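Summary of the model geometry
Residue-level listing of the chains:
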Amino acid sequence: MEIKYQDIITLSDKNKYVVASKVNYNNSTYVYLVDINNNANFKYAEMENNNLLSELDNVIDKELIVKLIPLLYNNSKRDIINIQF
């Protein structure tokens, strides 16, 4: 099963997250996840094989996250515009 924009997934911390954005960058796919019960709780993750997620570390992966933020933002804007009700 492919993880898509607006999917809701439960992570190992037992919280449910919505996929707020998804982007391909440097031959990898990254997602921006927001806790559906506490939007101050968010995560960036890389999609591994079989749709497993590897959470990015805010300290170790800081440079990568800084590059991903505008890409994720632009993708989410495009996704919102293209939503059909």
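Residues numbered from 1 in each chain as written. Predicted model: local features only at pLDDT ≥ 70, side-chain atom pairs only at ≥ 80, totals over all residues. Heavy atoms only, no water.

Another aspect to go through is the pattern of salt bridges. Inspection of the entire model under this criterion finds three salt bridges. In this structure, the salt-bridge partner of Glu-2 is Lys-22, at a minimum N-O distance of 3.1 Å. Taken together, the positions of Glu-2 in the segment before strand E1 (8-10) and Lys-22 in strand E2 (residues 16-25) put the pair 20 residues apart, joining distant regions of the chain. Put simply, Lys-43 and Asp-13 hold a salt bridge, and the shortest N to O gap is 4.0 Å. Of this pair, Lys-43 sits in strand E4 (residues 42-47) while Asp-13 sits in the loop between E1 and E2, and the two are 30 residues apart along the sequence. Owing to a relative accessible area of 15%, Lys-43 belongs among the buried residues under this scheme. Within the structure, one salt-bridge network assembled from shared partners comprises Asp-13, Lys-43 and Glu-55. (Salt bridge = Lys/Arg side-chain N within 4 Å of Asp/Glu carboxyl O. Helix = DSSP H or I, 4+ residues; strand = E, 2+ residues; numbered from the N terminus. Buried < 20%, exposed > 50% of the residue type's maximum accessible area, 1.4 Å probe, protein only.)

Bringing the packing of aromatic side chains into the picture now. Evaluation of the coordinates by the stated rule reveals three aromatic pairs. Look at Tyr-32 and Tyr-44: their rings are 5.2 Å apart centre to centre, the planes differ by 25 degrees, and that puts the pair in the stacked class. Of this pair, Tyr-32 sits in strand E3 (residues 28-35) while Tyr-44 sits in strand E4, placing them 12 residues apart in sequence. Among the residues examined, Tyr-32 registers a relative accessible area of 23% and is labelled partly exposed. According to the relative accessible area criterion, Tyr-44 is buried, its value standing at 10%. (Phe/Tyr/Trp six-rings, centres within 6.5 Å; stacked < 30°, edge-to-face > 60°.)

A separate point is the nonpolar core. Soluble globular proteins tend to pack their nonpolar side chains together in the buried interior. Counting nine residues, the largest nonpolar core is built from Ile-3, Ile-9, Leu-11, Tyr-17, Val-19, Val-31, Leu-33, Ala-45 and Met-47. With residues up to four places along the chain from it excluded, the contact list for Val-31 reads Val-19, Ser-21, Lys-22, Lys-43, Tyr-44, Ala-45, Met-47, Leu-53 and Leu-72. One finds Tyr-30, Leu-56, Ile-65 and Leu-68 within the second-largest nonpolar core, a separate group that totals eight residues. (Core = buried A, V, L, I, M, F, W, Y, C linked by side-chain atoms within 4.5 Å. Contact = heavy atoms within 4.5 Å.)

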